[in-house]
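# Coordinate inspection notes
The chain contents come next:
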Amino acid sequence: MTNTYDVIIVGLGGMGSCAAYQVARRGKRVLGLERHTPAHALGSSHGKSRIIRQAYFEDPAYVPLLLRAYELWEQIERETNQSIMMLTGGLMMGRPDAQTVAGALRSAREYNLPYEMLDAAAIHTRFPAFQPDPATVALYEKKAGYVRPEVSVQAHLTRAAALGADLHFEEPIQSWSASPTGDRVQVTTANGVYEAEKLIIAPGAWAPQLLADLSLPLVVERNILFWFDPLDGTAPFLADRFPIYIWEINADLQIYGFPAEAGSTDGVKIALFRNGNISTPETIDRTVHPDEVQQMRDAFKDHIPALNGPLLNALTCMYTTTPDQHFIIDLHPNYPQVVIASPCSGHGFKFASVVGEILADLALDGSTRHPISLFALDRFVATH
Ligand SMILES: Cc1cc2nc3c(=O)[nH]c(=O)nc-3n(C[C@H](O)[C@H](O)[C@H](O)COP(=O)(O)OP(=O)(O)OC[C@H]3O[C@@H](n4cnc5c(N)ncnc54)[C@H](O)[C@@H]3O)c2cc1C
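As the structure is a prediction and not an experimental result, all values here were calculated from the model. (Residues numbered from 1 in each chain as written. Predicted model: local features only at pLDDT ≥ 70, side-chain atom pairs only at ≥ 80, totals over all residues. Heavy atoms only, no water.)

### Section: the overall build of the protein
Basically, it comes down to this: Secondary structure elements follow DSSP: runs of H or I no shorter than four residues count as helices, runs of E no shorter than two count as strands, and numbering proceeds from the N terminus. Here the globule rule is a power law, 2.2 Å times the number of residues to the power 0.38, and the radius of gyration is based on C-alpha atoms. Only protein chains enter the area calculation, which uses a 1.4 Å probe; residues under 20% of their type maximum are buried, those over 50% are exposed, and those in between are partly exposed. The contact criterion used throughout is that any non-hydrogen atoms of two residues lie within 4.5 Å. Every accessible area reported is derived by Shrake-Rupley at a probe size of 1.4 Å, with residue values counting cover from the shown protein chains alone. Only four residue types enter the charge count: Lys and Arg as positive, Asp and Glu as negative, with His and the chain ends excluded. Just so you know, the charge point we use is NZ for Lys, CZ for Arg, CG for Asp and CD for Glu.
For the protein, the count of helices and strands is 8 helices and 20 strands. Rg of the C-alpha trace for the protein: 21 Å, near the compact-globule value of 21 Å for 384 residues, within the 12% margin. For the C-alpha atoms alone, the extent of the protein along its principal axes is close to 65 × 40 × 40 Å. Taking all 384 residues of the protein together, the buried fraction comes to 55%. In the protein, the proportion of contacts linking residues at least 24 apart, taken out of those at least 6 apart, comes to 74%. A total of about 15,200 Å² of accessible surface is found on the protein, and carbon and sulfur atoms cover 49% of it. Counting 30 positive and 42 negative side-chain charges, the protein places the centres of these two groups 4 Å from one another.

Now the structure itself:
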């Protein structure tokens, strides 16, 4: 027997959960199919926190999307009565000419975003756990902070289900096909065959498999998140004295981290940005090794010395990166009824709320008002 829907969504992680919510909100019949359990820790959307910021050093073209993303994070918080986005303030740190600083400044100026520039002394006075050398400066943005990935995924799934979406977990799709006439798709799982008018493919690190027909130049990277117990307790690491930060120590070394949560025993989270080794979802080594912990300590010990206490936890997570580190969000070049989402290049979560809206636009209307030309597939494959 074939079940028929308006839209099928493959992958209910960071992006797919938001797409399911947005499509269901527009009154359409949605089927969501997920390989694992809700808000699982085997893909890219786990580990409690993801940085969100507006003065985007990667490219000012992201700023309009971020402004909408903030509105949609607030919307889902209101609808589910959950706290998902925590605005703690944020520091983009490095030499004045570092991309993290200069790029953030460019975005802030171009979009008139509020910011302050701090020199090394001011950084240390306001946020004493940081010990920057005299040549370091920071762009401080009050509206930066973090979003909670597992809470987000669960909140969007709960709302999507309440709005009528059928969500199936532990049901990986084995294959999909689309009619050359552009009006149908079929998806096969171990439980059966499903049909719909539209398909949204949001598989995160499984994209190379599910989009094998396009031979995209994607690299899945294993990255590590660390939690340390600070030497003098967590008080100096609470958000009022220790906001989120991205610190470009030199052109090859960027660290980033989060404040401690009041009352939590998790410790203080820190990571290296874009330091992963190549992996796949099947072969990823989930063990974090002593030399990797040492590498992390060596990167921060002179800059945030009070953080260099016992390791409390470490988790692996996957980036799915494109060569230019921008996302891929577009219609399939051969099948306009198929929408491709993400390859997130390690910085996508903060956009999940607006990406869900864009995916619903593309699936239901064939286009979106949001500026997404930076994410077009024709960077990598011939399109007609
Ligand atoms: C260590 C780390 C730190 C990060 N830090 C930040 C940050 O600070 N700020 C930020 O904005 N971003 C950050 N990111 C990036 C961000 O987390 C990702 O962009 C985002 O989580 C990607 O979401 P996704 O939906 O593409 O992938 P996922 O959330 O992994 O979802 C894909 C889903 O598809 C499912 N799936 C795959 N194949 C199938 C199939 N055949 N059938 C059914 N289901 C399938 C998977 O099980 C999975 O649930 C970070 C990522 C990592 C790993």
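This is not the end of the story, as more comes after the structure.
### Here we look at the nonpolar core
As a reminder of what qualifies: Joining through side-chain atoms within 4.5 Å is the link that ties buried Ala, Val, Leu, Ile, Met, Phe, Trp, Tyr and Cys residues into a set, and such a set is a nonpolar core.
In this structure, Ile 9, Trp 73, Ile 200, Tyr 256, Ile 329, Phe 351 and Leu 359 are the most contacted members of the largest nonpolar core, which totals 69 residues. When neighbours within four sequence positions are excluded, Ile 329 is seen to be in contact with Ile 340, Ser 342, Val 355, Ile 358, Leu 359, Leu 362, Ile 372 and Phe 375.

### Quick look at the side chain of Gln 337
Rule in force here: As used in this structure description, the phrase polar contact means that two N or O atoms lie within 3.5 Å; if the pair is within protein, one of them must be able to donate a hydrogen and the other to accept it, and residues adjacent in sequence are counted only when both atoms belong to side chains.
With respect to the helices and strands, Gln 337 occurs in the loop between strand E19 (330–331) and strand E20 (338–340). For Gln 337, a relative accessible area of 0% translates into the label buried. At 3.0 Å, the side chain of Gln 337 and the backbone oxygen of Ser 179 are in polar contact. Ignoring any residue separated from it by four or fewer positions in sequence, one finds Gln 337 in contact with Ala 178, Ser 179, Gly 182, Asp 183, Arg 184, Val 185, Glu 197, Lys 198 and Leu 199.

### Remarks on the sheet that holds strand E4 (residues 85–86)
Selection rule: Should DSSP find at least two bridges between two strands, the strands are taken to pair.
With antiparallel pairing, the 3 strands of this open sheet are ordered in space as E3-E8-E4. Each edge of the sheet is formed by a strand with only one pairing partner; in this case those strands are strand E3 (50–52) and E4. Sheet analysis places E3 next to strand E8 (residues 145–147), joined by 3 bridges and oriented antiparallel. The partner of Ile 51 across the bridge, within E8, is Tyr 146.

### Points about the pattern of salt bridges
Convention followed: Just to be clear on terms, a salt bridge is a Lys or Arg side-chain nitrogen sitting within 4 Å of an Asp or Glu carboxyl oxygen.
With the rule as written, the count across this model stands at 15 salt bridges. A salt bridge links Glu 71 to Arg 68; its shortest N-O distance comes to 2.6 Å. Remark: Arg 68 and Glu 71 occur in helix H2 (residues 63–80); sequence separation between them is 3 residues, near one turn of the helix. The closest approach of N and O atoms between Arg 68 and Glu 357, which form a salt bridge, is 2.7 Å. On the criterion of sequence distance, the pair formed by Arg 68 in helix H2 and Glu 357 in helix H8 (residues 352–365) is long-range, its members being 289 residues apart. Judged by relative accessible area, which is 7%, Glu 357 ranks as buried.

### Thoughts on the site of the ligand
Quick note on the threshold: By convention in these notes, a residue is near a molecule or strand provided one of its non-hydrogen atoms lies within 4 Å of it.
In the vicinity of the ligand, 34 residues are found, and the nearest of them are Glu 34, His 40, Ser 45, Arg 50 and Cys 317. At 2.5 Å from an oxygen atom of the ligand is found a side-chain nitrogen or oxygen belonging to Ser 45. At a separation of 3.2 Å, an oxygen atom of the ligand approaches a polar backbone atom of His 347. Relative to its free-state accessible area of 1,000 Å², the ligand is covered by the protein chains to the extent of 98%.

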